[in-house]
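Here are the chains, one letter per residue:
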Amino acid sequence: EPEVTQTPSHQVTQMGQEVILRCVPISNHLYFYWYRQILGQKVEFLVSFYNNEISEKSEIFDDQFSVERPDGSNFTLKIRSTKLEDSAMYFCASTGTPDYSNQPQHFGDGTRLSIL
Amino acid sequence: AQKVTQAQTEISVVEKEDVTLDCVYETRDTTYYLFWYKQPPSGELVFLIRRNSFDEQNEISGRYSWNFQKSTSSFNFTITASQVVDSAVYFCALSGTSYGKLTFGQGTILTVHP
């Protein structure tokens, strides 16, 4: 079964450094998302992306964050200058096939980001 | 604004017991979608079910069943004859459109003891 792939599984970064989290969504999906989960808390929406642009973003997704689909397969989340409070599990998700059949969001296994 | 409430923070049961996880939601949308996801100790999010607001039929899948009641804005999840492998965090989620963002509840930690 096709799946969403995220790399790396764990990223350790010094505060103030830039970090890029990578995702390969399911190949024929059209809608892409990033969520984050601070340890022990609920999953929170960050941003959704469709047709090469952001379709919705949350208050968390400030100017330090950006997303990009640099080619036909990757979907990246960049945090420009990381803060301690950015430490969390980041999940990528995708859904939506060209025939618009109803599909749930399929999640990757997540990237655990630790800011030191 | 959308909101999902899972009032049960933690539930502990003994294997073979039935357990129900509660989910109450708030939305102003007339059409919406409800979901349950499972997060095992390994951390990934596993899709369990999706329901749209026009379909109030209960669903059964093996030991899992879901009860959707629009009148009480609830979408409860029951595991029959629980097993140790059911131990996980279970999240209820809501979306206002087919491909919109998911709003998650706080999650319920289910521990099934042998």
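Conventions we followed
Residues numbered from 1 in each chain as written. Chains lettered and ligands numbered in written order. Predicted model: local features only at pLDDT ≥ 70, side-chain atom pairs only at ≥ 80, totals over all residues. Heavy atoms only, no water. Phe/Tyr/Trp six-rings, centres within 6.5 Å; stacked < 30°, edge-to-face > 60°. Helix = DSSP H or I, 4+ residues; strand = E, 2+ residues; numbered from the N terminus. Buried < 20%, exposed > 50% of the residue type's maximum accessible area, 1.4 Å probe, protein only. Polar contact = N/O pair within 3.5 Å; in protein donor to acceptor, adjacent residues only side chain to side chain. Contact = heavy atoms within 4.5 Å. Salt bridge = Lys/Arg side-chain N within 4 Å of Asp/Glu carboxyl O. Core = buried A, V, L, I, M, F, W, Y, C linked by side-chain atoms within 4.5 Å.

Asks: Give a detailed account of the packing of aromatic side chains, specifying residues and quantitative values.
Replies: The final tally for this structure, using the stated rule, is 25 aromatic pairs over all chains. Ring centres 5.9 Å apart and planes at 85° place the aromatic pair Tyr35(A) and Phe104(B) in the edge-to-face group. A residue pair is termed interchain when its members come from two chains, as with Tyr35(A) in strand β4 (residues 31-37) and Phe104(B) in strand β11 (residues 103-104). Assessed through its relative accessible area of 0%, Tyr35(A) is described here as buried.

Asks: Tell me about the side chain of Gln6(B), and name the residues and values.
Replies: Residue and element names in this part refer to chain B. Mapped onto the elements, Gln6 comes out in the loop between β1 (3-5) and β2 (10-14). Judged by relative accessible area, Gln6 falls into the buried class, the value being 6%. A distance of 3.0 Å separates a polar side-chain atom of Gln6 from the backbone nitrogen of Cys92. The residues touching Gln6, leaving out its near neighbours within four places in the chain, are Asp22, Trp36, Tyr90, Phe91, Cys92, Gly105, Gln106, Gly107 and Thr108.

Asks: So what's going on with unusual backbone geometry? Residues and values would help.
Replies: Residues Thr7(A) and Pro8(A) are joined by a peptide bond in cis, for which omega reads -10°. Checked against the element boundaries, Pro8(A) lands in the loop between β1 (5-7) and β2 (10-13). We note that Asn51(A) has phi near 55°; this positive angle belongs to a residue other than glycine. You can see Asn51(A) is positioned in the loop between β5 (43-50) and β6 (53-57). The residue Ala81(B) is not glycine, and still its phi comes out positive at about 50°. Mapped onto the secondary structure, Ala81(B) falls in the loop between β9 (74-79) and β10 (88-95).

Asks: Got a sec to walk through the pattern of salt bridges? Specific residues and values, please.
Replies: Throughout the structure, instances matching the rule amount to five salt bridges over all chains. With its nearest N and O atoms 3.3 Å apart, the salt bridge here joins Glu44(A) to Arg36(A). Look at Arg36(A) and you get buried, because its relative accessible area is 11%. Note that Asp86(B) and Arg63(B) form a salt bridge whose closest N and O atoms lie 2.8 Å from each other. Placement of the pair is Asp86(B) in the loop between β9 and β10 and Arg63(B) in the loop between β7 (59-61) and β8 (64-69), with a sequence separation of 23 residues. Residue classification places Arg63(B) among the partly exposed positions, given a relative accessible area of 25%. A single network of salt bridges, built from pairs that share partners, joins Arg51(B), Asp55(B) and Glu59(B).

Asks: Residue-level account of the nonpolar core, with values.
Replies: Core analysis: the biggest nonpolar cluster contains 24 residues, and Trp36(B), Trp66(B), Phe77(B), Tyr90(B) and Leu110(B) have the highest contact counts within it. Those elements giving two or more residues to this core turn out to be β2, β3 (19-21), β5 (33-39), β6 (46-52), β8, β9, β10 and β12 (108-113) of chain B. In terms of residue count, β10(B) provides more of this core than any other element does, four residues in total. When sequence neighbours within four positions are dropped, the list of residues in contact with Phe77(B) reads Val19(B), Thr20(B), Leu21(B), Trp36(B), Leu48(B), Tyr64(B), Ser65(B), Trp66(B) and Tyr90(B). Among the nonpolar cores identified, the runner-up in size contains 21 residues, and Phe49(A), Phe61(A), Leu77(A) and Ala88(A) belong to it.

Asks: I'd like a description of the environment of Pro2(A), backed by residues and values.
Replies: Summarising the element assignment, Pro2(A) is placed in the segment before β1. When the C-alpha atoms of Pro2(A) and Ser27(A) are compared, they prove to be 8.0 Å apart, with 25 residues separating the residues in sequence.

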